[in-house]
Amino acid sequence: MNNKNKTKDRRKCISISLSETEKERLMEKANAEGLSLSAFLRLAANKYIAVEQEKEVQ
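Definitions and cut-offs
- Residues numbered from 1 in each chain as written.
- Predicted model: local features only at pLDDT ≥ 70, side-chain atom pairs only at ≥ 80, totals over all residues.
- Heavy atoms only, no water.
- Helix = DSSP H or I, 4+ residues; strand = E, 2+ residues; numbered from the N terminus.
- Buried < 20%, exposed > 50% of the residue type's maximum accessible area, 1.4 Å probe, protein only.
- Areas by Shrake-Rupley, 256 points an atom, 1.4 Å probe, with all protein chains shown as cover.
- Salt bridge = Lys/Arg side-chain N within 4 Å of Asp/Glu carboxyl O.
- 1 Å grid on protein atoms, 1.4 Å probe; cavity = no way out; pocket = protein on both sides within 12 Å on 5 of 7 lines; lining within 4 Å.
- Points joined across faces, edges and corners; volume = space filled by probe spheres on them.
- Nonpolar A, V, L, I, M, F, W, Y, C, P; charged D, E, K, R; others polar.
- Contact = heavy atoms within 4.5 Å.
- Axes fitted to C-alpha atoms, helices over the stretch in contact; angles between N-to-C directions.
- Parallel < 35°, antiparallel > 145°, perpendicular 65-115°, else oblique.

I'd love a proper account of the overall build of the protein, names of residues and values included.
Helix and strand counts for the protein stand at three helices and zero strands. Starting at the N terminus and walking to the C terminus, you meet the elements of the protein as α-α-α. Scored against the burial criterion, the 58 residues of the protein give a buried share of 7%. Carbon and sulfur atoms provide 52% of the accessible area of the protein, an area that totals close to 5,600 Å².

Encoded structure:
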């Protein structure tokens, strides 16, 4: 991978708002899967996108 791609793929911090209940629920599931909350949310978002794209194809 060249330096341009490494820079593009570097993680950036974002902020999201969750209620304490939402945060706890998501953290519990992430921990149960052996994931950080960030990794869990990335996977969930990517899965959502994939499902929606599949719906568009059908």
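Tell me what's going on with the pattern of salt bridges, and back it up with residues and numbers.
Counting across every chain of the model gives two salt bridges. With its nearest N and O atoms 3.2 Å apart, the salt bridge here joins E33 to K29. Assessed through its relative accessible area of 47%, E33 is described here as partly exposed. Where K55 meets E52, a salt bridge forms, and the shortest distance between an N and an O atom there is 3.1 Å. Pair noted here: K55 and E52 are both in helix 3 (residues 37-57), with a separation of three residues, about one helical turn.

Describe the layout of surface pockets, with residues and values.
Empty space within the largest pocket amounts to approximately 420 Å³. Taken together, D9, R11, K12, C13, I14, I16, L18, K23, L37, S38, L41 and R42 make up the full set of residues lining the largest pocket. Looking at side-chain class alone, the lining of the largest pocket contains six nonpolar, one polar and five charged residues.

Tell me about the environment of L18, and name the residues and values.
The residue L18 is located in the loop between helix 1 (3-9) and helix 2 (20-32) in this model. Note on L18: relative accessible area 34%, which makes it partly exposed. If we skip the residues at most four places from it in the chain, L18 touches K23 and L26.

Can you tell me about the packing of helix 2 against helix 3, naming the residues and giving the values?
The interhelical angle for the contact between helix 2 and helix 3, taken along N-to-C directions, is 95°, at an axis separation of 9 Å. The pairing of helix 2 with helix 3 is recorded here as roughly perpendicular in orientation. Residue-level inspection shows L26, M27, K29 and A30 of helix 2 in contact with helix 3, the latter providing L37, F40 and L41. Here the residues of the contact of helix 2 with helix 3 are counted per class, giving six nonpolar, no polar and one charged.

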